[in-house]
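Below are the chains, spelled out letter by letter.
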Amino acid sequence: MTDKIRKVPDGDPSGPSLSKTLPDTPSDAAGGVATAVALPAGTPYEAIKAIPVRHYGRWVSAVVVVALLAWLIYAFSQGNIIWTTVQDKVFDTSILSGLWSTVVISVASMALGLVLGILFAVMRLSKNPVTGAVAWLYIWFFRGTPVYVQLLVWFNLSLIFQYINLGPIYKNETVDVMTPFMVALLGLGLNEGAYMAEIVRAGIQSVDEGQTEAAHALGMSQPKTMWRVVLPQAMRVIVPPTGNEFINMLKTSSLVSAVQYTELLRASSNIGTTAGAVMEMLFVASIWYLTLTSVFSVGQYYLERRFARGSTRNLPPTPWQRIKANLTTVKRSEVSA
């Protein structure tokens, strides 16, 4: 590639311009590296005027998308939906109670799944063939069967076992133990544990083996090495998919309405059935599900930033920092104008 610099002759700014051609260099041929050329001091040169490329396709696609979105909003506004009912029932006490139950069962199930995931991931990576086989069997079973089926199995466990007998520790009837909350916790938590085991295993394997060898050389035991050295570094890989799993858990928790656990969807359905506003209450449930996922997505974003500090030298600015930077730029331009 040949670079050209246009020189304006002294004393005649409007005259014809001369071109100084820089020959191709090996660095230019290899990667297009800019070549610095020493020029006489005080030599006038024309300022390069960059003309942005016009992307007409972007404007056309933007107009089409906005038009489709406006058409969709208009269609729902003209539908047979009583929006005042949606507005009145958003903060209904039954809805808020179901919302709290959804958060509780989601957090509890995710915590159980995380603990089981770490345990079975370590077991699967163990050199013990028995623990490795048990971990593989657990993951295979709970990932291979639908969570809805697992909930129904736990809900109908009394048809198989009349009593839960743990010897001298605990004994009680199964119907008294398997409350809707316990059924939901076991069904969601055990299923989530299988997925978290694979996520944690991938995170552990992403840590260089030299870290483990260095910890053992310092005299650290295997459990201490895992807890103090490997897992903190693996969190950078574990956190993003774990956040996605928790957001998915918020929505999957709607399945526990089948086992008589009154969460957000069941509370909305109960009001919709009695008030004859089925669609309106489904919209109410959707609003709260979107709110929950949005709030926890923000938490996931900042948690990822925290664990990315060890691998990224300069973290990208947060959305709030970008907004502040843009406002500062606007104020400076107004002051200069």
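Above this text sits the structure in question.
Not measured: the values here are computed from a predicted model.

(A) The side chain of Thr 252, seen in detail. Note that Thr 252 resides in helix H10 (residues 222–252). Here Asn 248 takes part through its backbone oxygen, which lies 2.8 Å from a polar atom of the side chain of Thr 252. With near-sequence residues (within four places) excluded, Thr 252 lies in contact with Val 147 and Leu 188.

(B) The pattern of salt bridges, seen in detail. As enumerated under the stated definition, the model contains 3 salt bridges in all. For Asp 92, the salt bridge goes to Lys 89, with nearest N and O atoms at 4.0 Å. Note that Glu 198 and Arg 124 form a salt bridge whose closest N and O atoms lie 2.6 Å from each other. Taken together, the residues span a long stretch of sequence, with Glu 198 in helix H8 (residues 180–205) and Arg 124 in helix H4 (residues 93–125) at a distance of 74 residues. A relative accessible area of 15% means that Glu 198 is categorised as buried. A relative accessible area of 28% places Arg 124 in the partly exposed class. It is possible to trace a salt-bridge network through shared partners that takes in Arg 124, Glu 198 and Arg 201.

(C) Inspection of helix H2 (residues 56–78) at higher detail. For H2, with 23 residues, the first-to-last C-alpha span of 33 Å sits near the 33 Å given by 1.5 Å per residue. Taken across its 23 residues, H2 has 0 buried, putting it largely on the surface.

(D) Region of interest: H8. For H8, which comprises 26 residues, the first-to-last C-alpha distance of 37 Å matches the rise-based estimate of 38 Å (1.5 Å per residue) to within 8%. At Ala 194, H8 shows its largest kink, close to 25°. Of all 26 residues that make up H8, 20 are buried, and the element is covered over most of its length.

(E) Representation of the packing of aromatic side chains within the structure. Under the definition given, this model contains 10 aromatic pairs. Where Trp 83 meets Phe 283, the ring centres are 5.4 Å apart and the plane angle is 50°; that geometry is what we call tilted. Linking Trp 83 in helix H3 (residues 83–89) with Phe 283 in helix H12 (residues 278–307), this pair joins segments that are 200 residues apart in sequence. For the pair Tyr 138 and Phe 142, a centre-to-centre distance of 4.8 Å together with 50° between the ring planes defines the contact as tilted. Residue Tyr 138 and its partner Phe 142 are both found in helix H5 (residues 129–144); the two are separated by 4 residues, about one turn of the helix. Looking at Phe 142, the relative accessible area reads 12%, which means it is buried. Ring pairing ties together the aromatic residues Phe 120, Tyr 138, Phe 141 and Phe 142, which thus form one cluster. Sitting over the face of the ring of Tyr 163, Lys 171 holds its NZ or CZ atom 5.7 Å from the ring centroid.

(F) Broad picture of the packing of H4 against H12. At their nearest, the axes of H4 and H12 sit 11 Å apart, and the two run at 40° to each other. Between H4 and H12, the interaxial angle falls into the category oblique. The element H4 and its partner H12 pack so that their crossing is right-handed. Only Met 281, Val 284, Trp 288, Tyr 289 and Leu 292 of H12 make contact with H4, whose side of the interface consists of Ile 95, Leu 96, Leu 99, Thr 102 and Val 103. A breakdown of the residues in the contact of H4 with H12 according to their chemical character gives 9 nonpolar, 1 polar and no charged.

(G) Focus on the nonpolar core. Grouped together as the largest cluster of nonpolar side chains are 27 residues, with contacts concentrated most on Ile 95, Val 200, Ile 204, Leu 264, Val 284 and Trp 288. When contributions to this core are tallied by element, the ones reaching two or more residues are H4, H8, H10, helix H11 (264–275) and H12. With 7 residues, the single largest contributor to this core is H10. Counting 24 residues, the second largest nonpolar core, distinct from the first, contains Ala 135, Ala 184, Leu 188 and Ala 197.

Definitions and limits used
- Within every chain, residues take consecutive numbers counted from 1 along the sequence as written.
- Side-chain atom pairs in this predicted model are given and counted only at pLDDT of 80 or more, local residue features only at pLDDT of at least 70, and totals for whole chains, interfaces and linings cover all residues.
- Hydrogen atoms and water are omitted, and side-chain values are computed over all heavy atoms in the structure.
- Only DSSP runs of H or I covering at least 4 residues are called helices, and only runs of E covering at least 2 are called strands; the numbering of each starts at the N terminus.
- Polar contact is defined as a pair of N or O atoms within 3.5 Å, subject to the rule that within protein one atom must be able to donate a hydrogen and the other to accept it, and that residues adjacent in sequence are counted only when both atoms are side-chain atoms.
- Throughout, a residue-residue contact means that at least one pair of heavy atoms, one from each residue, lies within 4.5 Å.
- Any carboxyl oxygen of Asp or Glu within 4 Å of a side-chain nitrogen of Lys or Arg constitutes a salt bridge here.
- Relative accessible area decides the class of each residue, using a 1.4 Å probe on protein chains only: under 20% of the type maximum gives buried, over 50% gives exposed, and in between gives partly exposed.
- What a helix is expected to span follows from its residue count: subtract one and scale by 1.5 Å.
- Note on bend: at a given residue it equals the angle between the axes fitted to the 7 residues ending there and to the 7 starting there.
- The pairing test for Phe, Tyr and Trp rings, Trp by its six-membered ring, is centres within 6.5 Å, and the orientation test on the planes gives stacked under 30 degrees, edge-to-face over 60, and tilted for anything in between.
- By the criterion adopted, a ring carries a charge over it if an Arg CZ or a Lys NZ lies within 6 Å of its centre and within 35 degrees of its normal.
- Fitting a line to C-alpha atoms yields each axis, with helices limited to the stretch in contact; the angle taken between N-to-C directions then spans 0 to 180 degrees.
- Here is the rule for angles: anything less than 35 degrees is roughly parallel, anything more than 145 is roughly antiparallel, 65 through 115 is roughly perpendicular, and the remaining ranges are oblique.
- Should the near helix be turned anticlockwise from the far one by less than a right angle, the crossing is termed left-handed; should it be turned clockwise, right-handed.
- All residues other than Ala, Val, Leu, Ile, Met, Phe, Trp, Tyr, Cys, Pro, Asp, Glu, Lys and Arg, Gly among them, are scored as polar; the first ten of these are nonpolar and the last four charged.
- Buried residues of nine kinds, namely Ala, Val, Leu, Ile, Met, Phe, Trp, Tyr and Cys, make up a nonpolar core once their side-chain atoms join them within 4.5 Å.

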